[in-house]
Amino acid sequence: MKRILTSECSSKVGEVVQISGWLFNLRTLGKIAFLLLRDRGGIIQVVLEDPELIKQIKSVQNGSILEVTGKVKSAPNTQLKVEIENPQIKIENPVLEPFTIDLTKSDINAELDVVLDYRPITLRHPKSRAIFKIQAGIVQYYREFLTQKGFTEFFGPNIISASSEGGAELFTVNYFDNKAMLSQSAQLYKQMMVGVHERVFALMKCFRAEKSATRRHLTEATQFELEMGFITDHNDIMDILEETIKFITEKISLNYKAELELLGITLPSAEKQFPRVTFKEALQIYFERTGVDERAEIDLSPNAEKELCLYAKEQFGVDYIFVEKFLRVKTAFYAKPNEVDPLVTNYFDLLCRECEIVSGGQRINSYTELVDSLKLKGLNPNDFEDYLSIFKYGMPSHGGFGMGLERLTMMMLGLSNIREATLFPSDLKRIAAKSINQIK
Ligand code: AMO
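Considering the pairing of strand β14 (residues 347-352)
So, step 1. Along β14, six of the six residues are buried, which leaves the element largely enclosed by surrounding structure.
So, step 2. Bridge count between strand β13 (residues 320-324) and β14: five bridges; the pairing is antiparallel. For Ile321, the partnering residue across the bridge sits in β14 and is Leu351.
So, step 3. Sheet topology places β14 next to strand β15 (residues 355-362); six bridges connect them, and they run antiparallel. Bridged to Phe348 within β15 is Gly360.

The following block contains the structure:
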């Protein structure tokens, strides 16, 4: 008999089917036992009444791989509205060691550190699975939307020979007899790709050797990268970003209802227009609302970001807010200075719920201006030779953005730590979830 999925059983009431999956849990109630079997379609209840079978299965640990053959019966009170009765059960691969964390409880009652110590297994918890199902959906809809809008996906390099962002936040790796670097973003490559396809996007790993041990920083993150040519200014980039977020939100709320319900969350509201305030206005709003005077600061503090999100929610009924025209001293060398006020750039951040999830803007597209800007930031134009060459051979006005996948997932799902939205997080204490102390 051919295996079917638990989710396909509802159309097979009265028929004998074969399903395979993980033993999620077993409960005995007097002479009956209820076995829950999990596969990628969901969790189905299997009713056991044969005393011999119950005795045999009772000794099998959760997580064991089972093949169940039985008759599908309607059961309106169960998750899939059907259950399996009269089963024959084959133990395909038994679990021999009991697992110390109970995955059948509605939440894993353990500290995040413990959850990460056992990451390959704790990822199997239904809530964790729901987070990463939704994350995969976010990626799918990002691709779908931008492809519709005429963007071409590209795959940039992660091993590079010069910094892509400037700054010291770089990991170096031994590359045979040379030193190479892990890319901080696909910045230079996405700009190069504008010369090729005009509109491009990518989903790329980025590596940041930042010594920031916060709830929202990783050393290996994933970025949605986007770049497009023939723009008027950064407003065109904010427009496409806003449309992208609206599309993703609508699709996730429509197609991931079960996961959202399981997680008990409401997505950030994105229907109304996202407000756009300048950096200067943002600090003024923060001051007026809290009395905290950061108007002389050159960047937004985490508290200011949080307050601006509250402002957007209260005043505009939306959980997103753009802050634009950052000070030139604080923006990257490639950010285009504003024509009216050259002390600020046509650069923006998008904040959601409590923090920045996207940075982007219009880029400089003149060769000489770029060389000057590199020098102004203390960078050596010789290290950017390939990149600079595109500006000699035809570059339209262009701009783009970088959006952290894990940051977006964290904020969309209201998670308290970015590591919950990262399968195998690396940070100051861990490499791919494994504690550095354990590796040594
Ligand atoms: P930026 O450095 O602001 O901009 O990064 C863009 C977005 O990437 C995510 N992000 C991170 N997520 C987790 N941990 C980190 N350490 C981390 N660093 C960045 C955030 C952030 O908003 N090249 C520019 C983008 C551009 O101008 O197109 C850049 O990389 O969500």
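Let us keep going from here.
What about the pattern of salt bridges?
So, step 1. Following the criterion strictly, the structure yields 23 salt bridges and no others.
So, step 2. Among the ionic pairs, Glu153 bridges to Arg143, the shortest N-O distance being 2.7 Å. You can see Glu153 sitting in strand β6 (residues 152-153) and its partner Arg143 sitting in helix α4 (residues 126-148), a full ten residues away along the chain.
So, step 3. A residue is classified by how much of its surface remains accessible, and Glu153, at 25% relative accessible area, is partly exposed.
So, step 4. For the salt bridge of Asp293 with Arg295, the shortest nitrogen-to-oxygen distance reads 2.9 Å.
So, step 5. Within the structure, one salt-bridge network assembled from shared partners comprises Asp113, Asp117, Lys429 and Arg430.

Considering the environment of Glu52
So, step 1. By the element assignment, Glu52 lies in helix α1 (residues 51-58).
So, step 2. Taking relative accessible area as the criterion, Glu52 reaches 55% and is therefore assigned exposed.
So, step 3. With 248 residues separating them in the primary sequence, Glu52 and Leu300 have C-alpha atoms 67 Å apart.

Observations regarding the sheet that holds β13
So, step 1. Across the sheet, eight strands lie side by side as β6-β10-β11-β16-β15-β14-β13-β12; this open sheet has mixed pairing. Of all strands in the sheet, those bounded by a partner on one side alone are β6 and β12 (276-278).
So, step 2. Bridge count between β6 and strand β10 (residues 199-207): two bridges; the pairing is parallel. Of the residues in β10, the one forming a bridge with Glu153 is Phe201.
So, step 3. Helix α9 (residues 302-316) contacts β12, β13, β14 and β15 of the sheet and is inclined by roughly 125 degrees relative to β13.

Regarding the sheet that holds strand β9 (residues 178-182)
So, step 1. Reading across from one edge, β7-β9-β8 is the order of the three strands in this open sheet, with antiparallel pairing throughout. Of all the strands in the sheet, the pair left with one neighbour each is β7 (159-160) and β8 (172-175).
So, step 2. Pairing geometry for β8 and β9, over four bridges, is antiparallel. By the bridge assignment for β9, Asn174 is matched with Lys179.

With respect to the packing of aromatic side chains
So, step 1. Counting across every chain of the model gives 17 aromatic pairs.
So, step 2. With a centroid separation of 5.8 Å and an interplanar angle of 80 degrees, the aromatic rings of Phe99 and Tyr118 are classed as edge-to-face. With a gap of 19 residues between them, Phe99 in the loop between β5 (82-93) and α2 (112-117) and Tyr118 in the loop between α2 and α3 (119-122) connect regions that are remote in the sequence.
So, step 3. Given the relative accessible area of 33%, Phe99 is considered partly exposed.
So, step 4. Accessibility expressed as a relative area gives 37% for Tyr118, which makes it partly exposed.
So, step 5. With a centroid separation of 6.1 Å and an interplanar angle of 40 degrees, the aromatic rings of Phe274 and Phe322 are classed as tilted. Separated by 48 residues along the polypeptide, Phe274 in the loop between α7 (257-263) and β12 and Phe322 in strand β13 bring together distant segments of the chain.
So, step 6. Using a relative accessible area of 2% as the deciding quantity, one classes Phe274 as buried.

Reading guide: rules and limits
- Residues numbered from 1 in each chain as written.
- Predicted model: local features only at pLDDT ≥ 70, side-chain atom pairs only at ≥ 80, totals over all residues.
- Heavy atoms only, no water.
- Buried < 20%, exposed > 50% of the residue type's maximum accessible area, 1.4 Å probe, protein only.
- Helix = DSSP H or I, 4+ residues; strand = E, 2+ residues; numbered from the N terminus.
- Pairing = 2+ DSSP bridges.
- Salt bridge = Lys/Arg side-chain N within 4 Å of Asp/Glu carboxyl O.
- Contact = heavy atoms within 4.5 Å.
- Axes fitted to C-alpha atoms, helices over the stretch in contact; angles between N-to-C directions.
- Phe/Tyr/Trp six-rings, centres within 6.5 Å; stacked < 30°, edge-to-face > 60°.

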